[in-house]
Amino acid sequence: MYNDLMKTLTEQSEQFFSPAIKFNQLVAKNIEQLAQIQLDATENFTKTSVEQLKTAAEVKDVKSFIDFNASQLTAMNKLSQQMIDDGQKLTQLGNEFKEHLDAISKDSVKATAKA
């Protein structure tokens, strides 16, 4: 009798806390992915900035100044494309989060309906 009571209590606790645990795991996963996107963006921006500083330091005459201006355009295009790519990654991350959250909600409603 005592074993059955403990088993029932354990099962009910698992059913009760399962959605919260899944939600916490989902949030932790998304924070990790978001942080990685931000780290990658920061690294790419820093590399591009340092490259441009090195190029600017090499300006000695009109030709090198023209080359520097051309490299500025290339760098801006590169950074613009990175921003577009990062925006797409963030959109995908948000959509995946919503899909997983909907699945957790549906599972919770089903579990509640069974009880």
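Residues numbered from 1 in each chain as written. Predicted model: local features only at pLDDT ≥ 70, side-chain atom pairs only at ≥ 80, totals over all residues. Heavy atoms only, no water.

With an unreviewed UniProt entry as reference, the protein chain is termed Phasin family protein, source organism Pseudoalteromonas viridis.

**Points about the overall build of the protein chain**
Looking only at helices and strands, the protein chain has 2 helices and 0 strands in total. Expected size for 115 residues packed as a compact globule is a radius of gyration near 13 Å; at 26 Å, the protein chain overshoots this value by more than 25%. Projecting the C-alpha coordinates of the protein chain onto the three principal axes gives extents of approximately 90 × 25 × 10 Å. Contacts in the protein chain between residues far apart in sequence, at least 24 positions, make up 76% of those at least 6 positions apart. About 9,300 Å² of surface is accessible on the protein chain, with carbon and sulfur atoms providing 63% of the total. When the 13 basic and 16 acidic side-chain charges of the protein chain are each reduced to a single mean position, those positions are 2 Å apart. (Helix = DSSP H or I, 4+ residues; strand = E, 2+ residues; numbered from the N terminus. Rg over C-alpha atoms; globule rule 2.2 N^0.38 Å. Contact = heavy atoms within 4.5 Å. Areas by Shrake-Rupley, 256 points an atom, 1.4 Å probe, with all protein chains shown as cover. Lys, Arg positive; Asp, Glu negative; His and termini not counted. Charge placed at Lys NZ, Arg CZ, Asp CG, Glu CD.)

**Section: a nonpolar patch on the surface**
On the surface, Y2, M6 and L9 cluster together to form a nonpolar patch covering roughly 330 Å² of accessible area. Residue position: M6 is located in helix α1 (residues 2-57). (Patch = residues over 30% accessible without salt bridge, like charges linked within 9 Å, V, L, I, M, F, W, Y side chains within 5 Å. Salt bridge = Lys/Arg side-chain N within 4 Å of Asp/Glu carboxyl O.)

**Observations concerning the UniProt feature "domain: Phasin" (unreviewed entry) in the protein chain**
When the UniProt feature table is mapped to this numbering, "domain: Phasin" (unreviewed entry) covers residues 8-102. As annotated, residues 8-102 has a helix share of 96% and a strand share of 0%, and its two end C-alpha atoms lie 28 Å apart. (UniProt positions renumbered as here; feature names shortened; annotations may be inferred.)

**Let's talk about the side chain of Q82**
Here Q82 is to be found in helix α2 (residues 62-114). From its side chain, Q82 meets the backbone oxygen of A41 in a polar contact 3.1 Å long. In this structure, Q82 is in contact with D40, A41, N44 and F45, ignoring residues within four places of it in sequence. (Polar contact = N/O pair within 3.5 Å; in protein donor to acceptor, adjacent residues only side chain to side chain.)

**Focus on the pattern of salt bridges**
On inspection of all chains with the given rule, the structure shows 3 salt bridges. Close ionic contact of D102 with K98 constitutes a salt bridge, the shortest N to O distance being 2.9 Å. Taken together, the positions of D102 and K98, both in helix α2 and 4 residues apart, correspond to about one turn of that helix. Overall, the relative accessible area of 34% leaves D102 in the partly exposed class. (Buried < 20%, exposed > 50% of the residue type's maximum accessible area, 1.4 Å probe, protein only.)

**Notes on the side chain of Q52**
Relative to the elements of secondary structure, Q52 occurs in helix α1. When sequence neighbours within four positions are dropped, the list of residues in contact with Q52 reads F68, S71, Q72 and A75.

**Focus on α2**
With 53 residues, α2 ought to run about 78 Å at 1.5 Å a step, and its terminal C-alpha atoms sit 78 Å apart, in line with that. Taken residue by residue, α2 has S64, F68, S71, A75, L79, Q82, D86, L93, I104 and S108 as its buried positions. (Expected span 1.5 Å × (residues − 1).)

**Topic: the environment of A57**
Within the secondary structure layout, A57 lies in helix α1. For the pair A57 and F68, spaced 11 residues apart in the sequence, the C-alpha separation amounts to 9.6 Å.

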